[in-house]
Amino acid sequence: MTEAVFVETVNYFTSLPLLELAAVLTSLLYVVLAAKGNVWCWPAAFISTAIYTAIFYDVYLFMDSLLQVYYLLMAVYGWFCWQKSKNMPINNVSSAEQGGEGIQSWPLVLHLKVIAVLALVSLGLGYVMANYTQAHFPYFDSATTVFAVFATYLVAQKVLENWLYWVVIDLVSIYLYLEKDLTPTAVLFGLYVVIAAYGYYHWKQSFSAEAKVALS
């Protein structure tokens, strides 16, 4: 990171309104706690999405506000799923393997099928956005939104591969933000990529360790 980009990023975040800064910080806290497998990530997600819902509604970004309502509901859903998984016995089922603390790993074939469906949905939504709105990068923007919605569900279900989805989503988002000269936001998503990579490593270690115990 060049000195100019660093200064711009620092100035951007230090000049944020208090409410928006709280949303950014709680969003970061959510990602960090989720990567560590800490159930308290969901209250952090609830707070950040509640703030963003109000912010987007106030500036008439109704679709963005509606998306935040989905994330708000997923924060509640994720909390109950993770609480339940604490006492979940380790067992093998045909659709997924389960490891430490309820962490699951879905077969590659299942992921490929899901990706194919999400890709078709993204193309359809992108087509609508490209032809009936003034959206920039409609196909990329649609894809990141569609895949992010699904990846959030994977986090709630403690599916190990959710972090791989987030790495790709965040990398595409970085490209979009750089193209729109939103450098500080791109820097933030660069941090998300690092955290997602750590999350995959940490969850993988936990999954493998508990799976070995279950087989011994």
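As the structure is a prediction and not an experimental result, all values here were calculated from the model.

J.: Looking at this model, I keep getting lost on the side chain of Gln68. Mind explaining?
T.: The residue Gln68 is located in helix 4 (residues 62-85) in this model. Residue class for Gln68 comes out buried when judged on its relative accessible area of 10%. Ignoring any residue separated from it by four or fewer positions in sequence, one finds Gln68 in contact with Thr49, Tyr52, Thr53 and Phe56.

J.: Looking at this structure, I do not really get the packing of helix 2 (residues 18-35) against helix 3 (residues 41-58). What am I missing?
T.: For any two helices packed against each other, the geometry is given by the interaxial angle and the distance between the axes. Interhelical geometry of helix 2 versus helix 3 gives an angle of 150° and a closest axis separation of 8 Å. Comparing the axis directions of helix 2 and helix 3 gives the class roughly antiparallel. Here the hand of the crossing between helix 2 and helix 3 comes out left-handed. For the pair helix 2 and helix 3, the contacting residues are Leu19, Glu20, Ala22, Ala23, Val24, Thr26, Ser27, Leu29, Tyr30, Leu33 and Ala34 in the first and Cys41, Trp42, Ala44, Ala45, Ile47, Ser48, Ile51, Tyr52 and Ile55 in the second. Within the contact of helix 2 with helix 3, the residues separate by chemical class into 16 nonpolar, three polar and one charged.

J.: Just checking my understanding: could you explain the nonpolar core for this structure?
T.: As a rule of thumb, soluble globular proteins bury nonpolar side chains together. With 54 residues, the main nonpolar core has Tyr30, Trp42, Trp82, Tyr165 and Trp166 as its most contacted residues. Of all the secondary structure elements, the ones that give two or more residues to this core are helix 2, helix 3, helix 4, helix 5 (108-132), helix 6 (138-156), helix 7 (162-179) and helix 8 (183-215).

J.: Just to check I follow, could you spell out the packing of aromatic side chains for this structure?
T.: The geometry of an aromatic ring pair is captured by two quantities: the separation of the ring centres and the angle between the planes. The final tally for this structure, using the stated rule, is 15 aromatic pairs. Summarising the aromatic geometry, the rings of Tyr30 and Trp42 are spaced 5.6 Å apart at their centres and angled 50° between planes, so their arrangement reads as tilted. With Tyr30 in helix 2 and Trp42 in helix 3, this residue pair connects regions lying 12 residues apart in the sequence. As far as the burial class goes, Tyr30 and Trp42 line up, both buried. Seen from their ring centres, Phe189 and Tyr192 are 5.1 Å apart, and the 80° between their planes marks the pair as edge-to-face. Pair noted here: Phe189 and Tyr192 are both in helix 8, with a separation of three residues, about one helical turn. Both residues of the pair, Phe189 and Tyr192, count as buried. Members of the aromatic cluster, each reached through a chain of ring pairs, are Tyr30, Trp42, Trp82, Trp163 and Trp203. Directly above the ring of Trp82 sits Lys158, whose terminal nitrogen or CZ lies 4.6 Å from the centroid.

What counts and how
- Residues numbered from 1 in each chain as written.
- Predicted model: local features only at pLDDT ≥ 70, side-chain atom pairs only at ≥ 80, totals over all residues.
- Heavy atoms only, no water.
- Helix = DSSP H or I, 4+ residues; strand = E, 2+ residues; numbered from the N terminus.
- Buried < 20%, exposed > 50% of the residue type's maximum accessible area, 1.4 Å probe, protein only.
- Contact = heavy atoms within 4.5 Å.
- Axes fitted to C-alpha atoms, helices over the stretch in contact; angles between N-to-C directions.
- Parallel < 35°, antiparallel > 145°, perpendicular 65-115°, else oblique.
- Left-handed = near helix turned anticlockwise from the far one by under 90°.
- Nonpolar A, V, L, I, M, F, W, Y, C, P; charged D, E, K, R; others polar.
- Core = buried A, V, L, I, M, F, W, Y, C linked by side-chain atoms within 4.5 Å.
- Phe/Tyr/Trp six-rings, centres within 6.5 Å; stacked < 30°, edge-to-face > 60°.
- Lys NZ or Arg CZ within 6 Å of the ring centre and 35° of its normal.

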